[in-house]
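In case you want the letters, here they are:
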Amino acid sequence: MKIALRELHDTGAGWLLWLVALGLVAAGGLSAAAYMEHHGHIVTGMDNQIVWGLPHVFAVFLIVAASGALNVASMASVFGKSDVKPLAPLSGLLAIALLVGGLAVLMLDLGRPDRLVVAMTHYNFKSIFAWNVFLYTGFLAIVIAYLWTMLERRMNVHSAKLGLVAFLWRLALTTGTGSIFGFIVARQAFDSALLAPLFVTLSLAYGLAVFLLVLLVVFKGSGRPLGDAMLQRLARLLAIFVAAGLYFVVVQHLTGLYFTKHHAFERFILVDGGVHTLLFWGGQIVVGGVLPLVLLLKPAPARGAIAAAAALVVAGAFAQMYVTIIGGQAFPLVLFPGLQVTSSFRDGVVNTYAPSLPELLLGLGGIAIAGLIVLVAVRLLAFVPERLDEDSLR
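Residues numbered from 1 in each chain as written. Predicted model: local features only at pLDDT ≥ 70, side-chain atom pairs only at ≥ 80, totals over all residues. Heavy atoms only, no water.

**Focus on the overall build of the protein**
Point 1. Scanning the protein from terminus to terminus reveals 14 helices and zero strands.
Point 2. Ordered by position in the sequence, the α and β elements of the protein form the string α-α-α-α-α-α-α-α-α-α-α-α-α-α.
Point 3. Computed over C-alpha atoms, the radius of gyration of the protein comes to 21 Å, within 12% of the 21 Å expected from 2.2 N^0.38 for 394 residues, which places it in the range of a compact globule.
Point 4. Here the C-alpha coordinates of the protein stretch approximately 70 × 50 × 40 Å along the principal axes.
Point 5. Scored against the burial criterion, the 394 residues of the protein give a buried share of 50%. (Helix = DSSP H or I, 4+ residues; strand = E, 2+ residues; numbered from the N terminus. Rg over C-alpha atoms; globule rule 2.2 N^0.38 Å. Buried < 20%, exposed > 50% of the residue type's maximum accessible area, 1.4 Å probe, protein only.)

The structure is reproduced here in C-alpha cells:
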C-alpha cells in the first residue's frame, strides 16, 4: 500500500486533473439519469417510434468495443505473440471498464435500475436479451479471472487456457449483441443474420482503436517510453480490421439491395435519408473507414497519424451505431407490404429524432465511468509495463 500511495503522489497534478475531469463527467451522467428517471422520457428526444436513443448508441459502442479491447490479450495468450504480452493486462482491464461503462448507460437509460435484480433472476430464454445477461456477466467473470492469471505469477500457467476461453466468449458476446438487432424481423433495417458477423468484425476495429488511444495517453501521461515499432504493428492490424469492417458493410447493403422488400430502406439510408445518409457516407464510410486507411497504410506511419486514425475510427463508430440504431427505427415499419399506411399515430412516415442534453450527458457518463476504472486501476496495480521500447522487447 505504501508503494501505491507513493506512486500516486509522484504522478503530480496530471493524474488528479484526469480524475476530477472524469469524475465530473460521470457525475453529470448520473445526474442526467436521475433527471430522466424523475421526469420520464418526455424530456428526451425518444418517443413511441424511436425507443432506443442516443444513450443506446453510446452503450452499444462501449459493449462492442469492450470485446475488441481484448484483442491484444488474445494475441498474447491465444496466438502466442510474446511481444505484445506486456500489454495484455491493460487490454483485459480496458475490456472490463468498457463493458461496465456500457452496461451502466444501458441500465440507467432503461429506467428503474432498482429492478435490475428481477431481470437477472427471471429469464425468458426465447429472448436474446436474456441470453445477453449471461454473456455480459460471464465475460466480466472470465476476464477478471484471466487478469488474475496474468498478474499473479503462480497462476501464469493457466493464462493460455483462460485466454482461449475469454477469446471464444468475446466472440459469443459480440454475436449476441449483433443478434439483438438481427433477430428483430419486423424492421427492414435489421432482420439479417449478417449483423452478427458484422458486429464481431466491427468490435475488432473499435476495441483496438480505443486501446491505441488509451495506450498513448497512459504512456505519455506517466512518462513511460513507448517504441514506434509496437505502435506501427498495432496500426497495421487496425488497418486490417477497418478494411474488414468496410467489407462487411458493403456485403450487408448489397444483400439488402438484392431483396426487393429492402429496397425502400436501402434507398433511405444510402440516398435520401437526410442526416442518416450524411452520417453513413460522411461519418461511417469516410471518417471511420477511408481516412483511417489512408493514414494507416502509409509506410511507417507517425505516432500522430496513428492517434488520428484511431480517433477517426472511434468517431466513425459512433456514426455507424447512430445510423444502425436510430436510422433503423426512423424508417417506418412495413405493416402491410405493398400498401400505403397512414394513421394519427405516425404510421407510414419517417420518424424524426433530436437527441437531448440529458441523453448526451448520460452517454458521456458511461465513457467517464470506463475511464475512471482504467485510471484508478493503472495507478494502483501493475497493469502497464514501466517501458515498452525496442530495447525492452529484445
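**Quick notes on the side chain of Ser-203**
Point 1. By the element assignment, Ser-203 lies in helix α9 (residues 195-222).
Point 2. Discounting residues that sit within four places of it in the chain, Ser-203 has contacts with Val-64, Ser-67, Gly-68 and Thr-174. (Contact = heavy atoms within 4.5 Å.)

**Observations concerning the side chain of Ser-74**
Point 1. On the secondary structure map, Ser-74 appears in helix α4 (residues 71-77).
Point 2. On the basis of relative accessibility, which here comes to 2%, the residue Ser-74 falls in the buried class.
Point 3. Among the polar contacts made by the side chain of Ser-74, one reaches the side chain of Arg-170 at a distance of 3.3 Å. (Polar contact = N/O pair within 3.5 Å; in protein donor to acceptor, adjacent residues only side chain to side chain.)

**Section: helix α12 (residues 275-296)**
Point 1. For α12, the principal kink sits at Val-286 and spans about 45°.
Point 2. Regarding α12, the residues found buried are His-276, Thr-277, Phe-280, Gly-283, Gln-284, Ile-285, Gly-288, Gly-289, Pro-292, Leu-293, Leu-295 and Leu-296. (Bend = angle between axes of the 7 residues up to and from the residue.)

**Quick word on the packing of aromatic side chains**
Point 1. Within this structure, the stated rule accounts for 17 aromatic pairs.
Point 2. On the basis of an interplanar angle of 90° and a centroid distance of 5.7 Å, the ring pair of Trp-52 and Phe-181 is categorised as edge-to-face. With Trp-52 in the loop between α2 (13-39) and α3 (54-69) and Phe-181 in helix α8 (residues 159-182), this pair connects stretches of sequence that are 129 residues apart. Both residues of the pair, Trp-52 and Phe-181, count as buried.
Point 3. Cluster of aromatic residues (ring-pair linked, three or more members): Trp-52, Phe-129, Phe-181, Phe-190 and Phe-199. (Phe/Tyr/Trp six-rings, centres within 6.5 Å; stacked < 30°, edge-to-face > 60°.)

**Details of the confidence of the model for the protein**
Point 1. Overall, the prediction assigns the protein a mean pLDDT of 88, with 95% of residues at 70 or greater.
Point 2. In the model, residues 1-11 has pLDDT below 50 throughout and makes eight contacts with residues more than four positions away in sequence or in other chains. (pLDDT = per-residue confidence, 0-100.)

**A closer look at unusual backbone geometry**
Point 1. At Asp-191, a residue that is not glycine, the phi angle is positive and equals roughly 50°.
Point 2. Within the secondary structure, Asp-191 sits in the loop between α8 and α9.
Point 3. A relative accessible area of 23% means that Asp-191 is categorised as partly exposed.
Point 4. The phi dihedral of Ala-300 is positive, around 50°, even though this residue is not glycine.
Point 5. For Ala-300, the position within the fold is in the loop between α12 and α13 (303-330).

**Considerations on the pattern of salt bridges**
Point 1. Counting across every chain of the model gives five salt bridges.
Point 2. Note that Arg-303 and Asp-228 form a salt bridge whose closest N and O atoms lie 2.6 Å from each other. With Arg-303 in helix α13 and Asp-228 in helix α10 (residues 228-258), this residue pair connects regions lying 75 residues apart in the sequence.
Point 3. Note on Arg-303: relative accessible area 35%, which makes it partly exposed.
Point 4. Put simply, Arg-267 and Asp-272 hold a salt bridge, and the shortest N to O gap is 3.2 Å.
Point 5. Residue classification places Asp-272 among the partly exposed residues on the basis of a relative accessible area of 44%. (Salt bridge = Lys/Arg side-chain N within 4 Å of Asp/Glu carboxyl O.)

**Observations regarding the packing of helix α7 (residues 128-151) against α8**
Point 1. Across the interface, α7 lies against α8 with an axial gap of 9 Å and an inter-helix angle of 155°. On the basis of their axis angle, the class for α7 and α8 is roughly antiparallel. The two elements α7 and α8 meet at a crossing, and its hand is left-handed.
Point 2. Here the residues of the contact of α7 with α8 sort into 17 nonpolar, eight polar and one charged. (Axes fitted to C-alpha atoms, helices over the stretch in contact; angles between N-to-C directions. Parallel < 35°, antiparallel > 145°, perpendicular 65-115°, else oblique. Left-handed = near helix turned anticlockwise from the far one by under 90°. Nonpolar A, V, L, I, M, F, W, Y, C, P; charged D, E, K, R; others polar.)

**Brief notes about the nonpolar core**
Point 1. With 103 residues, the main nonpolar core has Phe-61, Leu-98, Phe-181, Tyr-206, Phe-211, Leu-215 and Leu-238 as its most contacted residues.
Point 2. The element that contributes the greatest number of residues to this core is α9, accounting for 17 residues.
Point 3. Apart from the residues within four sequence positions on either side, Phe-61 is in contact with Tyr-206, Val-210, Val-314, Ala-317, Phe-318 and Met-321.
Point 4. Listed in part, the six residues of the second largest apolar core include Ala-33, Met-36, Val-105 and Leu-362. (Core = buried A, V, L, I, M, F, W, Y, C linked by side-chain atoms within 4.5 Å.)

**Some details on a nonpolar patch on the surface**
Point 1. A surface patch of nonpolar side chains, amounting to about 680 Å² of accessible area, comprises Leu-116, Met-120, Tyr-123, Phe-125, Trp-131, Phe-134 and Phe-183.
Point 2. Position of Leu-116 relative to the elements: it lies in helix α6 (residues 116-119). (Patch = residues over 30% accessible without salt bridge, like charges linked within 9 Å, V, L, I, M, F, W, Y side chains within 5 Å. Areas by Shrake-Rupley, 256 points an atom, 1.4 Å probe, with all protein chains shown as cover.)

**With respect to the packing of helix α11 (residues 263-270) against α13**
Helices that pack against each other are described as a pair by the angle of their axes relative to one another and the distance between those axes.
Point 1. Orientation of α11 relative to α13, taken along the N-to-C sense of each, is 125°, at an axis distance of 11 Å. Looking at the two axes, α11 sits oblique to α13. When the axes of α11 and α13 are compared, the crossing they make is right-handed. Together, Phe-265, Phe-268 and Ile-269 of α11 and Val-323, Gly-327, Gly-328 and Ala-330 of α13 make up the contact between the two elements.
Point 2. For the contact of α11 with α13, the class distribution of residues is five nonpolar, two polar and no charged.

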